[in-house]
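Inside the fold
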Amino acid sequence: MNYKNAFYLPSGRVFLLETSDKYPIECTEMRDVTIGGKEHYEVRNTLDPHIIWKHLKDYEEKWLMTVSTQRGCPHSCHFCDVAELGFKGDLTEQEIEEQVRFILTATPYVTKSNKVKIGFARMGEPAHNVDNVLNVVKRLPEISSSMGRDFKWLPCFNSILPRKTTKGESGFDIIDKVLNVKENNYDGFLHFQLSINSTDEVKRKELFAGADVLSIKEIIDYMNTKTISNRTVTLNFIVMDGIEVDVNKLADIGLNGDKFRVKLIPLNDTIRSQTKHLNTYANYTNYEELIKLGDKFNTIGVPIVIDAIAKCEEAGLCCGQLAHIFINN
Ligand code: SF4
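Structure report, in brief. Quick caveat, the model's predicted, so the values are computed rather than measured. (Residues numbered from 1 in each chain as written. Predicted model: local features only at pLDDT ≥ 70, side-chain atom pairs only at ≥ 80, totals over all residues. Heavy atoms only, no water.)

For Arg-31, the location among the structural elements is in strand β3 (residues 24-31). Relative accessible area serves as the criterion here: at 22%, Arg-31 is assigned to the partly exposed category. Other than its neighbours up to four places away in sequence, Arg-31 contacts Ser-11, Leu-56, Lys-57, Asp-58, Tyr-59 and Leu-64. At 3.0 Å, the side chain of Arg-31 and the backbone oxygen of Lys-57 are in polar contact. (Helix = DSSP H or I, 4+ residues; strand = E, 2+ residues; numbered from the N terminus. Buried < 20%, exposed > 50% of the residue type's maximum accessible area, 1.4 Å probe, protein only. Contact = heavy atoms within 4.5 Å. Polar contact = N/O pair within 3.5 Å; in protein donor to acceptor, adjacent residues only side chain to side chain.)

If you want it as structure tokens, here you go:
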């Protein structure tokens with residue numbers, strides 16, 4: 001993997017690397033921001049880097065990174081610009097590991113951290129490359145200690161859960177493989193995040209550009225039969241105007257707080273989302289609408305996480321956008 005460029009947000013960097021066959025690959029490292037009450041308001045309502053810098057968490061407390069798992073993606077979700085790049089297959093285990101090593105090498109001053117959250121979620125659907133991804137997940141502690149770092153890792157496996165992967169594995173096989181590593185290698189401290197977005201299955205599949213994915217009921221029923229310790233499974237909703245998120249429907253099919261939590265994420269303003277005329281349901285300016293939706297989940301006993309801080313869209317640095325610029329220039 002060769003270094004091509006780095007771009008800066010107030011909270012971190014997006015790196016552009018290139019594979020030996022000249023495919024542009026993105027990975028990122030970011031610091032989290034403190035989000036308590038008034039501070040959250042201040043950070044949410046600004047693009048001023050000076051204010052964001054003031055609220056960044058120490059690396060030692062929490063550090064965030066993402067790495068890509070494929071050369072592009074075989075899917076073309078309506079809200080994601082990775083689709084524009086064209087799909088050229090899986091990254092090897094070594095290519096995924098190289099991104100982790102690259103980020104650590106580019107950040108030599110971070111020698112200790114109590115939580116390094118790494119998302120296998122920049123470019124690509126990791127279910128199609130599950131063995132390479134999970135092999136790297138399992139070896140993260142070995143990789144960081146071999147580079148002299150004292151890290152406690154929190155891996156994050158984000159998936160749309162295709163019914164069948166490009167290698168012929170079922171979505172249920174993927175759940176089993178991820179939960180096995182979660183429970184046996186990480187004592188439950190692995191984030192398993194599933195892209196749900198709408199409770200209307202027809203709309204949901206349309207947003208995934210027709211990809212055949214496991215239904216929400218199939219996911220909930222299957223997860224309810226499994227041991228899930230420490231970190232519960234997160235159902236991600238990118239909230240969009242006019243797209244159904246029906247909390248009662250989810251409660252009726254078995255959503256519960258013992259196995260699940262829900263994350264509400266404003267829609268990033270990407271090229272694809274504009275082309276598909278998708279608008280966010282709420283964001284920084286009407287954040288209280290997200291809180292109200294979150295309250296509905298709380299009434300059925302499901303914990304909520306609201307993610308309204310990323311701010312990559314203003315800089316044109318959402319997933320795939322940098323690689324897109326690189327290819328076009
Ligand atoms: S959201 Fe994920 S699965 Fe969908 S196109 Fe983007 S990278 Fe692929």
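Time to look at the pattern of salt bridges. Taken as a whole and judged by the stated rule, the model has 26 salt bridges. Salt-bridge contacts for Asp-21 lead to Arg-71; the nearest nitrogen and oxygen are separated by 3.2 Å. Within this pair, whereas Asp-21 is found in the loop between β2 (12-18) and β3, its partner Arg-71 is found in the loop between β4 (63-66) and α3 (93-106), the two being separated by 50 residues in sequence. Of the residues examined, Asp-21 reaches a relative accessible area of 46% and is grouped as partly exposed. (Salt bridge = Lys/Arg side-chain N within 4 Å of Asp/Glu carboxyl O.)

Further remarks concern the packing of α3 against helix α4 (residues 130-146). With their axes 10 Å apart at the nearest point, α3 and α4 run at an angle of 35° to one another. Crossing geometry of α3 relative to α4 is assigned as right-handed. Taking contact as the criterion, the partners of Glu-93, Ile-96, Glu-97, Val-100, Arg-101 and Leu-104 in α3 are, on α4, Asn-132, Val-133, Asn-135, Val-136, Arg-139, Leu-140, Ile-143, Ser-144 and Ser-146. Of the residues that constitute the contact of α3 with α4, the class distribution is seven nonpolar, four polar and four charged. (Axes fitted to C-alpha atoms, helices over the stretch in contact; angles between N-to-C directions. Left-handed = near helix turned anticlockwise from the far one by under 90°. Nonpolar A, V, L, I, M, F, W, Y, C, P; charged D, E, K, R; others polar.)

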